[in-house]
Every structure is written in C-alpha cells, then in structure tokens.
Amino acid sequence: MSNVKFLLNTSVADGKSSLECQLQSNPQQALDDALLAIDFINQYGQAAKHRSRLAMLTTIVNKARKCLTKQGA
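Read on for a plain summary of the structure. Just so we're clear, the structure is a prediction, and the values are computed from it rather than from any experiment.

## Focus on the nonpolar core
Formed by 16 residues in total, the largest nonpolar core has its most connected members in L19, A34, L57 and I60. Of all the secondary-structure elements, those providing two or more residues to this core are α1 (2-9), α2 (12-25), α3 (27-43) and α4 (51-72). Here I60 is in contact with L19, E20, A30 and A34, once residues within four sequence places are set aside.

## Topic: the pattern of salt bridges
One pass over the full model with this rule turns up 1 salt bridge. Notably, a salt bridge pairs K63 with E20, separated by 3.0 Å at the nearest N-O pair. Taken together, the residues K63 in helix α4 and E20 in helix α2 connect sequence positions 43 residues apart. Classification of K63 by relative accessible area gives partly exposed; the value is 37%.

## A word on the packing of aromatic side chains
What characterises a pair of aromatic rings is the spacing of the ring centres plus the angle enclosed by the ring planes. The final tally for this structure, using the stated rule, is 1 aromatic pair. Relative to Y44, the ring of F40 has its centre 6.3 Å away and its plane inclined at 10°; by these criteria the two rings are stacked.

Parameters at a glance
Residues numbered from 1 in each chain as written. Predicted model: local features only at pLDDT ≥ 70, side-chain atom pairs only at ≥ 80, totals over all residues. Heavy atoms only, no water. Core = buried A, V, L, I, M, F, W, Y, C linked by side-chain atoms within 4.5 Å. Buried < 20%, exposed > 50% of the residue type's maximum accessible area, 1.4 Å probe, protein only. Helix = DSSP H or I, 4+ residues; strand = E, 2+ residues; numbered from the N terminus. Contact = heavy atoms within 4.5 Å. Salt bridge = Lys/Arg side-chain N within 4 Å of Asp/Glu carboxyl O. Phe/Tyr/Trp six-rings, centres within 6.5 Å; stacked < 30°, edge-to-face > 60°.

If you want it as structure tokens, here you go:
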C-alpha cells in the first residue's frame, strides 16, 4: 500500500522510474501496484487531473503483463 501512496503523491517521472525498476525484479508487484493506483484515481473521480499519471500507469500495466506472459511461456 505504501508503494501506491508513493505513486499517487510523487511526480509522474519518479513514479515511472520506480515502477520500471520494480518491473525488472518483480513484474507481478509492479502490475499490482499500478492497477491499484489506477483504481484509486478512478474511484475518487480524479482521472481528469491525472491524465499523464494514468497513461504512465497503463504503460506499466501493459509492460508487466507482457513480461509475465513471457515468463509463463
């Protein structure tokens, strides 16, 4: 949960950097954190204020899913 708070309260660039590093070592955790952050943003009706953050999180979700698919193959 602290990872999600960090993602919501830091700059988009810092969040991306953090998730990219996490993606290398633990893609499942990166996926879970990004999805949870997206859910929080959408739940509180803040999507319009966080367009670039949502775009970054969506990119991480896609990369994590691709990485996890490769691992499973």
